There are 4 protein chains.
Amino acid sequence: MEKLHEECGVFGIYTPEDSDVATSTYYGLFALQHRGQESCGIVVNEDGIFRSYKEVGIVNDVFTAERLNKLGTGKMALGHVRYGTSGTDGRLNAQPVVVNHIKGHMAIANNGCLVNSYELREELELQGSIFISGSDAEIISHVIIKERLNSQSVEEAISKAMNKLKGAYSIVVMSPSKLIAARDENGFHPLCYGILEDGGYVIASETCALDSVGADFVRDIEPGEIVVITKDGVKSVKDHCKQVEPHICIFEYIYFARPDSVIDGISVHQARVKAGECLAQEHPVEADVVIGVPDSGLDAAIGYSRESGIPYGIGFIKNKYIGRTFIAPGQKTREDKVRIKLNTVAETVRGKRVVLIDDSIVRGTTCARIVKLLRDSGATEVHLRSSAPPFVNPCYYGTDIGSRDVLIACNHTLEEITKIIGVDSLGYLSVDSIPKLIGKTEKCGYCDACFTNNYPTEIPGERVKRRYEQKISEKCKR
Amino acid sequence: MEKLHEECGVFGIYTPEDSDVATSTYYGLFALQHRGQESCGIVVNEDGIFRSYKEVGIVNDVFTAERLNKLGTGKMALGHVRYGTSGTDGRLNAQPVVVNHIKGHMAIANNGCLVNSYELREELELQGSIFISGSDAEIISHVIIKERLNSQSVEEAISKAMNKLKGAYSIVVMSPSKLIAARDENGFHPLCYGILEDGGYVIASETCALDSVGADFVRDIEPGEIVVITKDGVKSVKDHCKQVEPHICIFEYIYFARPDSVIDGISVHQARVKAGECLAQEHPVEADVVIGVPDSGLDAAIGYSRESGIPYGIGFIKNKYIGRTFIAPGQKTREDKVRIKLNTVAETVRGKRVVLIDDSIVRGTTCARIVKLLRDSGATEVHLRSSAPPFVNPCYYGTDIGSRDVLIACNHTLEEITKIIGVDSLGYLSVDSIPKLIGKTEKCGYCDACFTNNYPTEIPGERVKRRYEQKISEKCKR
Amino acid sequence: MEKLHEECGVFGIYTPEDSDVATSTYYGLFALQHRGQESCGIVVNEDGIFRSYKEVGIVNDVFTAERLNKLGTGKMALGHVRYGTSGTDGRLNAQPVVVNHIKGHMAIANNGCLVNSYELREELELQGSIFISGSDAEIISHVIIKERLNSQSVEEAISKAMNKLKGAYSIVVMSPSKLIAARDENGFHPLCYGILEDGGYVIASETCALDSVGADFVRDIEPGEIVVITKDGVKSVKDHCKQVEPHICIFEYIYFARPDSVIDGISVHQARVKAGECLAQEHPVEADVVIGVPDSGLDAAIGYSRESGIPYGIGFIKNKYIGRTFIAPGQKTREDKVRIKLNTVAETVRGKRVVLIDDSIVRGTTCARIVKLLRDSGATEVHLRSSAPPFVNPCYYGTDIGSRDVLIACNHTLEEITKIIGVDSLGYLSVDSIPKLIGKTEKCGYCDACFTNNYPTEIPGERVKRRYEQKISEKCKR
Amino acid sequence: MEKLHEECGVFGIYTPEDSDVATSTYYGLFALQHRGQESCGIVVNEDGIFRSYKEVGIVNDVFTAERLNKLGTGKMALGHVRYGTSGTDGRLNAQPVVVNHIKGHMAIANNGCLVNSYELREELELQGSIFISGSDAEIISHVIIKERLNSQSVEEAISKAMNKLKGAYSIVVMSPSKLIAARDENGFHPLCYGILEDGGYVIASETCALDSVGADFVRDIEPGEIVVITKDGVKSVKDHCKQVEPHICIFEYIYFARPDSVIDGISVHQARVKAGECLAQEHPVEADVVIGVPDSGLDAAIGYSRESGIPYGIGFIKNKYIGRTFIAPGQKTREDKVRIKLNTVAETVRGKRVVLIDDSIVRGTTCARIVKLLRDSGATEVHLRSSAPPFVNPCYYGTDIGSRDVLIACNHTLEEITKIIGVDSLGYLSVDSIPKLIGKTEKCGYCDACFTNNYPTEIPGERVKRRYEQKISEKCKR
């Protein structure tokens, strides 16, 4: 079974008394939906009895009032949204993983990707272990349960397990009486917790999920930390695993997280505005209006506008009614003519020199179409600025990179790309500017391996690495 | 049966050869979805055989690939999206209305509201006519069919019928061999047509629907005009009904239409930017940032920012995954705490004096909640500006006004409203500024009766009027 | 639009106080489901307000608890199940038809087929009338409403309308304050009423629907009679239209109705047992066991067994779990091998001479398959007996006959059919025996035109007749 | 997690070449649907890649054409239908269980109940094993996989595992290249195999499933036998576990299996007819007609009729359109009046002395209702005969017994029951007659512990036994 890339969202809640934790988790998952749209799941813990439902689909489709009602009330709940790689069985890999073991039930939800999952799995299978899915969450649960047999507590078992896990993971574990959060020692992916008015606690991938249930942010879970929530309050376990420099994924700021979230003290919106400002400094141009590709290019467009003094405008209207079952135009359709998902606001760009801000350039085909729309609407010049550097290396920590031989930056020079996309000029954010996004003056505390090839951990063994690398074109391997 | 307010969207297509007109109409309706989300319908005409499907729900839910496939191909199709007033049977009132008569099939889709529908209906019923729904479209179809018996053509029947219809209507009629558009003599609601690359034609409520299928805009249907599309091309019928001054609904610009549409030569986006500029002139304030309530307040916020020089910022993130079946928080939830549908970008407003632009203030409760969110996120001052004047009179031409005794502007003074909503200052766009939105220097060519009580037509008789007026609070009647 | 054959079921209920009439109608329609599985509908009348829902599908799928709940309570309800001819729009033609006219709402449900529907429709269309569907029910409602303008009451309008309607119809009409049943003067299709414990009344196509809601049978509606149910009780209108000899459809007994129903005083089960007895007399054979094709051949099999003295056995098991969405085996499957819907009880037939009773032989292909199954299970001889005579003429009164050029009896001699089906002997019930089924000694009081070509009414005009006849093969026209 | 009673149906198919094994399994499960309606599942094996789908619901609802299509083609498939005990998570416990282990994939489907499942599970959990569901199938898969580590083949692992499993199980196991059937040494539940025309093989719980796919019955799997199907044909493994006297569950004949199935050489239909004959001998009565409660009482009714000479009649019509989502009548309904699911054929029983045959009497409430229906329809006497002896002991081998304190036979004498049900006389089949049902002259080869308390195996330990016994009323424990 193929190893899965799991950029996901996790959400856990603990309330002092039985309450409608299922619905709170439902709201929390709504706020995290952008982190994964393939499948979702909620597990409710009512005095040690676990009721769960997981299914392929987005939260709004999977969880009906009837379904939430069946999950019932409890003191704790755990939820997950998952991004799925095509070709895998989304239903089987949906989380949280819920297992029964000698001490009762345990549920686990994970965001991130282990670099030694193959080694761990093989070791377990040689002891006769059985696996149902291909998810790291299941492997982690096996490792924890094995350790549980010789541990005094779940947190002790998790602590021991963390010494075996390598790579990226932000997990939330629910035992019959505890809700536990743990983040790998590099802190690749975000994880934080907040407090509710009634004294309950919420753990979430991003702060926007705390906001969604009215929880006040307390703090981020630190890299390598275990936070244990019980009826006696919050307990922190640190210093149990090796100390390393933190490496928060820079792509969380540039692309993945929601602009209203704050990760490790830095506003995502602000990081993007900063990226726009840096772009304006690095790649200035004379123009009449700055527009962003909605939704993720808007923040950087504001930064570019502010730094350059060129007015900010609304360049596009995105159709918000297009859902999962939308029937895309067929081959016969003149794709460059139809404007179903995105239309230009012609008034904004007609007769203007336009700076167009996008968060990244992947295949380049979408960019080329958008540029054509702008020109058809009367833009006299189009200057494209990307708020991320060229993305050229595989990510082993959770970001799915697709088939890399189609990545335009791996296969073409800047000049070629400018031509292919059809813009008057093109500028990428430089790797050197990245520290500024999070208020640093030099590279420190983050992972930018996808741009730089500098991996902060050992990387998967040859067998696995080969699979990743098959996806990278020859040109990129230099 | 209650008279229905029908702010809706219409779309018709005519292609020289049989083609997938159902799917084109599907895309057109997507672009018009903002004009009505209660029900939608498509009718395909294949050589005089009409196949139709109408159902309650949005286009994305109602029309599956299987459903579109069943509609098949043809030379023509007609589509409709409808806004429904609560309490009426949405399924029964879905359009297009498809009827069989002595000359074959006819389908009709309408946007607008007649002021003499009761009189017309009674007259018909006294001749033994039967009605299935409460829609004006059905009444109009009866009037046309009656005239058809003594007319040489459908367009002649439509022309005669138009002399009986009073009020607002933008209709598209599909006969076995013709696609016909007609707009009431006041031109209350928009209607335009465009041309396809293959020589086909498209009729739509807004230009954004032409864009969605790659049609090039030709022109607006003129008030009182009938445009007939057949295999021989486009024919215009004018001067058949009385000439009056045009009265395009100003609310189309302020609120209803999509910003990327152009109505009667004026960009909707531009009209809103202009409204923001006027607001900045009429109600200036010292502040640090201008933000708009998404999505309809964003254009005016840019106008306010430009005119005032106060920086534009992104103040909110709207959750785009919340759909029709979303389970809203119950009574128990502290509504002012949870931020599910809308969250603030705290970074933008913390420690700032904020100008908040909304397109209108209706009940005031949503505004109050939003203002509280801003203050909780650290805004030091909040100055609310409404890009529409106070809305105090019933609309007889198609805009549903709800129960008016809850309209805050009808029941409170400006000072009271400022206090209720909890803002530091409040300013409405003045009625005098309205001409500027559409590039005029004085009141001319538009209807603003909802703000001014100046109705451009006779209004419904006492029996009907009373029903409308029961909805208006005493205070408003002055 | 094609004229539709409507063998259907109707159900109406009137209760003294508001009650859950929707659910009662739901149960009534369940009992009548065998009369039509294409679409169904229920209309509830709460003090003159009509709420309705109609959809394609069987009662169990169309009416959910939520849907019934939305229909609410009332004093009256009207329901309908409809058999659909392929190729027509089932949704459009679903009943009851609900209309609004000058006096308020009216709903109508019909079982039967007019012979002058084309003439009536043309007459109405020439007056400017509009039709939505192709159903007789809609035509009848137009005729009634026209008469209503000059009548003192609905029943008077119905009475006048009946003088214009020719052919077969069993209608139930619901006005704001009345529930009315009417049956054509020939009484082609059944219609009866019963009384509820609380003093309410029920009208239904068959007595089994009275049983389903616990109503006690009162009596059949007589041919040509109108029965009016109001708060003042039951009133009968007779002698208002011309008196003719009654002609109940004999196929109701042989095939259509449920065995537990009693029609015009005759038990359907008993009529079928009698058919089996007659078959035993007309076509005796030496055999070891008599089996019926489930479900409709079982009653006659018992009759054959009783009369012949040959033991009755259970020859087949029918899979009761196969529903509407069952995926039938494809072309590749050896159809004579797989036994999905029907399997033999080998123990019953192995080494035996079998008499096989079926209710009719249509194309012969199903029969041939069943006979092969029996032989494969070890039957040494198979003697097929059909409890209906050969079906060779079109029915203009409501029974859909499909494409007649494939009817085996129209195209082959008895000897040929015996060979094609692969039986050792074959016998049809003789036309002369038909009177015995309903306890008569000679032909009287029923219609057997489909067997004999003796139509009790004028038949449709040339234009329509031609359409019917195109379906009949040349051989049958002699 | 509660131990589940699993009366289920299993189906496996092996074809020489890739074929549409999913659809064949779909048909096989249709034939076995009567063995379990809670959930169902299909796993397709295409060259070692397993694709599966399991869901709550019946086969017709769970498997759509699209769903079957996604399962694709392969050489092997495995299917399961499951009977669910209320209160358990049907989705989690759906089968087949599909696992990944060191040697690849394995799928397992089971019918039956282990008596030592708690002991096995505890032993595994103490080694750190994790369980997802509460099913025996999952436990069995763990035991097999553990043995697999030190075995040369799957069949060797299964053989070793069988020496650890106690109680009832009929399993089908699918490995990447083998399809394997195994039946516990007592042979509690049926399992057989057949051959397809193309040389493929089918394994199924009952012969009716072989018939459904056109397979020819080869033979039953013997108690204690393992049958291995590979590309090299069929191999049998015997003598690997201890030899005991066979104990086929007698309830399979009386109630569970389909009448057209043949189990261990005995026709189920014939066994039921025999039960009816024995009843006629043991409990004769003077009467006019014998009727059976559909569907399971019909076979015995024929036996009673034949032995007694009293005519067989059709006493009831069962509504075949009532599905899963049927809305049952509420409390307010006079239950003894409404005849929705079952109606009497009054003609059959009016004025008659009726012998009523049912397959078992559980709570007695349904019987009482049916008897009342018969009397209301005019039956002068009703004599009830049950083709099963009183059911008074728990079954540990797979038959769910519900809460036993409501079983009428546990709580009342024959006289009391006669009175409660309201019959003129009552007779149960005697335990002594049971051998005759399967052609024996004395008790031998079957399990009748539910009637006699004679368990052929050790029974579950105290902890588990207590749970079962809590369900039995005090009266029954003697």
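Owing to the predicted nature of the structure, the values given are computational and were not obtained by experimental measurement. (Residues numbered from 1 in each chain as written. Chains lettered and ligands numbered in written order. Predicted model: local features only at pLDDT ≥ 70, side-chain atom pairs only at ≥ 80, totals over all residues.)

**Looking at the overall build of chain A**
Okay, so step 1: Within chain A one finds 17 helices and 23 strands.
Okay, so step 2: What you see for chain A is a C-alpha radius of gyration of 23 Å, in line with the 23 Å of a compact globule of 478 residues.
Okay, so step 3: If you line up chain A on its principal axes, its C-alpha atoms span 70 × 50 × 45 Å.
Okay, so step 4: By the burial criterion, 58% of the 478 residues in chain A qualify as buried.
Okay, so step 5: Put simply, 72% of the contacts in chain A that link residues at least 6 apart link residues at least 24 apart. (Helix = DSSP H or I, 4+ residues; strand = E, 2+ residues; numbered from the N terminus. Rg over C-alpha atoms; globule rule 2.2 N^0.38 Å. Buried ≥ 20, exposed ≤ 12 C-beta atoms within 10 Å, placed from the backbone. Contact = placed C-beta atoms within 7 Å.)

**Overview of the arrangement of the chains**
Okay, so step 1: Of all C-alpha pairs spanning chain A and chain C, none lies closer than 12 Å, and the two are not in contact.
Okay, so step 2: For chain B and chain D, which are not in contact, the least C-alpha distance works out to 12 Å.

**Digging into the interface of chain B and chain A**
Okay, so step 1: Residue-level contacts link 50 residues of chain B with 50 residues of chain A.
Okay, so step 2: Elements represented by at least two residues in the side of chain B that touches chain A include exactly helix H1 (21-32), helix H2 (59-62), helix H3 (65-71), helix H7 (207-212), helix H9 (268-282), helix H10 (298-308), strand S19 (342-344) and helix H11 (346-349) of chain B.
Okay, so step 3: Broken down by element, the residue count for the side of chain B that touches chain A peaks at five residues, all from H1(B).
Okay, so step 4: Split into classes, the residues belonging to the side of chain B that touches chain A amount to 24 nonpolar, 16 polar and ten charged. (Nonpolar A, V, L, I, M, F, W, Y, C, P; charged D, E, K, R; others polar.)

**Some words on the nonpolar core**
Okay, so step 1: Within the largest apolar cluster, 305 residues are counted, with the highest numbers of intra-cluster contacts made by C:Ile180 and D:Ile180.
Okay, so step 2: Beyond its immediate chain neighbours, meaning those up to four positions away, D:Ile180 contacts D:Val154, D:Glu155, D:Ile158, D:Val172, D:Val173, D:Ile226, D:Val227 and D:Val228.
Okay, so step 3: Counting residues in each nonpolar core, the second largest holds 304 residues, with A:Val172, B:Leu78, B:Ile263 and B:Ile361 among its members. (Core = buried A, V, L, I, M, F, W, Y, C linked by C-beta atoms within 7 Å.)

**Side note on the relation of the copies chain B and chain A**
Turning one copy of the chain about an axis and sliding it along that axis gives the other copy, so a rotation and a shift relate them.
Okay, so step 1: In screw terms, the move from chain B to chain A is a rotation of 180° and a rise of 0.0 Å along the axis, fitting with an RMSD of 0.1 Å. On this basis, the relationship between the two copies can be described by a two-fold rotation axis. Closest approach to the rotation axis among the C-alpha atoms of chain B is made by B:Lys320, whose C-alpha sits 3.6 Å away.
Okay, so step 2: Of all interface residues in chain B, 100% are interface residues in chain A too; the two copies therefore contact each other through one and the same surface. (Least-squares fit on C-alpha atoms with pLDDT ≥ 70 in both.)

**Thoughts on the interface of chain C and chain B**
Size of an interface, as often reported, equals the accessible area lost when the parts are brought together.
Okay, so step 1: In this complex, chain C contributes 16 residues to the contact, which on the side of chain B involves 16 residues.
Okay, so step 2: Among the secondary structure elements, those contributing two or more residues to the side of chain C that touches chain B are strand S5 (97-101) and helix H5 (136-148) of chain C.
Okay, so step 3: Ranked by residues supplied to the side of chain C that touches chain B, first place goes to H5(C) with four residues.
Okay, so step 4: Considered class by class, the residues forming the side of chain C that touches chain B number nine nonpolar, five polar and two charged.

**Here's the deal with unusual backbone geometry**
Okay, so step 1: Here the residue pair B:Pro294 and B:Asp295 is connected by a cis peptide bond, since its omega of -5° sits within 30 degrees of zero.
Okay, so step 2: Positionally, B:Asp295 belongs in the loop between strand S17 (289-292) and H10.
Okay, so step 3: D:Pro96 follows D:Gln95 through a cis peptide bond whose omega is 0°.
Okay, so step 4: Among the structural elements, D:Pro96 can be located in the loop between strand S4 (74-82) and strand S5 (97-101).
Okay, so step 5: In this structure, C:Asp47 is a non-glycine residue whose phi angle is positive, near 50°.
Okay, so step 6: Following the sequence through the fold, C:Asp47 ends up in the loop between strand S2 (39-46) and strand S3 (49-56).
Okay, so step 7: Even without being a glycine, D:Asp264 presents a positive backbone phi close to 45°.
Okay, so step 8: Position of D:Asp264 among the secondary structure elements: in the loop between strand S15 (262-263) and strand S16 (266-267).
Okay, so step 9: Under the C-beta neighbour-count criterion, D:Asp264 is labelled partly exposed, with 19 such atoms within 10 Å.

**Side note on the relation of the copies chain C and chain B**
Okay, so step 1: Rotating chain C by 180° and translating it 0.1 Å along the rotation axis places it on chain B, where the RMSD comes to 0.1 Å.
Okay, so step 2: In this assembly, 100% of the residues forming the interface of chain C have copies in chain B that are likewise at the interface, indicating an isologous arrangement.

**Observations regarding the domain arrangement of chain A**
All names here are of chain A.
Okay, so step 1: Annotation of chain A at the domain level lists domain 1 (8-244) and domain 2 (267-319 + 338-446 + 472-477).
Okay, so step 2: Distance from the C-alpha centre of domain 1 to the C-alpha centre of domain 2: 35 Å.
Okay, so step 3: Opposite the ten residues of domain 1 that make contact, domain 2 presents four residues.
Okay, so step 4: Tallied by class, the residues present in the side of domain 1 that touches domain 2 amount to five nonpolar, five polar and no charged. (Domains from an automatic or database assignment.)

**Topic: the sheet that holds strand S5 (residues 97-101) of chain A**
Residues and elements named next belong to chain A.
Okay, so step 1: Ordered by their spatial adjacency, six strands build an open sheet running S5-S6-S7-S8-S12-S13, and the pairing between neighbours is antiparallel. Strands with a single pairing partner mark the edges of an open sheet, and in this sheet they are S5 and strand S13 (233-237). This sheet shows a mean twist of 20° between the axes of neighbouring strands, independent of strand direction.
Okay, so step 2: Of the strand pairs in this sheet, strand S6 (residues 104-111) and strand S7 (residues 170-174) are connected by five bridges, and their pairing is antiparallel. Bridging from a neighbouring strand, isoleucine 108 pairs with valine 173 of S7.
Okay, so step 3: Set on the sheet, helix H5 (residues 136-148) makes contact with S5, S6 and S7; between it and S6 the angle comes to about 135°.
Okay, so step 4: Its contacts with the sheet place helix H6 (residues 154-162) against S7, strand S8 (179-183), strand S12 (226-230) and S13, and it is angled at close to 15° to S8. (Pairing = 2+ DSSP bridges. Axes fitted to C-alpha atoms, helices over the stretch in contact; angles between N-to-C directions.)

**What to know about the sheet that holds strand S13 (residues 233-237) of chain D**
Two pairing modes exist for strands in a sheet, parallel and antiparallel, and in both the strands are linked by backbone hydrogen bonds.
Residue and element names in this part refer to chain D.
Okay, so step 1: The strand order across the open sheet formed by six strands is S5-S6-S7-S8-S12-S13, and the pairing between neighbours is antiparallel. Each of the sheet's edge strands pairs with one partner strand only, and the pair in question is S5 and S13. Strand-to-strand twist of the sheet, defined as the mean angle between neighbouring strand axes without regard to direction, takes the value 20°.
Okay, so step 2: In this structure, strand S12 (residues 226-230) lies alongside S13, joined through five bridges in antiparallel fashion.

**Remarks on the packing of H5(C) against helix H6 (residues 154-162) of chain C**
Angle between the axes and distance between the axes: these two values describe a pair of packed helices.
Residue and element names in this part refer to chain C.
Okay, so step 1: At their nearest, the axes of H5 and H6 sit 8 Å apart, and the two run at 120° to each other. The orientation of H5 with respect to H6, classified from their angle, is oblique. Viewed along their axes, H5 and H6 form a crossing whose handedness is right-handed. In this structure, H5 uses Ile140, Val143, Ile144, Glu147 and Arg148 to contact H6, whose residues at the interface are Val154, Ala157, Ile158, Lys160 and Ala161. (Parallel < 35°, antiparallel > 145°, perpendicular 65-115°, else oblique. Left-handed = near helix turned anticlockwise from the far one by under 90°.)

**Describing the pairing of strand S12 (residues 226-230) of chain B**
Okay, so step 1: Summarising burial for S12(B): four of the five residues are buried, a large majority.
Okay, so step 2: Here S12(B) folds back onto strand S13 (residues 233-237) of chain B in antiparallel fashion, the turn holding two residues.

**Some details on the confidence of the model for chain A**
Okay, so step 1: Counting all residues, the mean pLDDT for chain A is 90, and 92% of those residues have values of 70 or more.
Okay, so step 2: For the stretch residues 1-6 of chain A, pLDDT sits under 50, and the model shows 27 contacts to residues farther than four places along the chain or on other chains. (pLDDT = per-residue confidence, 0-100.)

**Regarding the environment of B:Ile13**
Residue and element names in this part refer to chain B.
Okay, so step 1: Tracing the sequence through the fold places isoleucine 13 in strand S1 (residues 8-19).
Okay, so step 2: Its 32 C-beta neighbours within 10 Å are what place isoleucine 13 among the buried residues.
Okay, so step 3: Sequence separation between isoleucine 13 and aspartate 232 is 219 residues, and the spatial gap between their C-alpha atoms is 15 Å.
Okay, so step 4: Other than its neighbours up to four places away in sequence, isoleucine 13 contacts Val21, Ser24, Thr25, Met76, Ala77, Gly200 and Val202.

**Here's the deal with the environment of B:Asp260**
Okay, so step 1: Inspection of the secondary structure puts B:Asp260 in the loop between helix H8 (250-256) and strand S15 (262-263).
Okay, so step 2: Given 26 C-beta atoms within 10 Å, B:Asp260 falls into the buried group.
Okay, so step 3: Remark: the alpha-carbon pair of B:Asp260 and B:Gly292, spanning 32 residues in sequence, is separated by 17 Å.
Okay, so step 4: The contact partners of B:Asp260, leaving out residues within four places of it in the chain, are A:Ile317, A:Asn343, A:Thr344, A:Val345, B:Cys208 and B:His269.

**Quick look at the packing of helix H9 (residues 268-282) of chain A against helix H10 (residues 298-308) of chain A**
Residues and elements named next belong to chain A.
Okay, so step 1: Put simply, H9 and H10 touch, their axes get as near as 6 Å, and they point 45° apart. Taken together, the axes of H9 and H10 lie oblique to each other. The interaxial crossing formed by H9 with H10 has right-handed handedness. When H9 is examined against H10, the residues His269, Arg272, Val273, Lys274, Ala275, Gly276, Glu277, Leu279, Ala280 and Gln281 are found in contact with a partner set consisting of Asp299, Ala300, Ala301, Ile302, Gly303, Tyr304, Arg306, Glu307 and Ser308.
Okay, so step 2: Class assignment for the residues of the contact of H9 with H10 results in eight nonpolar, five polar and six charged.

**Points about the environment of D:Ile171**
Residue and element names in this part refer to chain D.
Okay, so step 1: Relative to the helices and strands, isoleucine 171 is located in strand S7 (residues 170-174).
Okay, so step 2: Considered as a pair, isoleucine 171 and valine 10 are 161 residues apart in the sequence and their alpha carbons are 7.5 Å apart.
Okay, so step 3: Dropping the residues within four chain positions of it, isoleucine 171 is found in contact with Ile108, Ala109, Asn110, Ile140 and Ala182.

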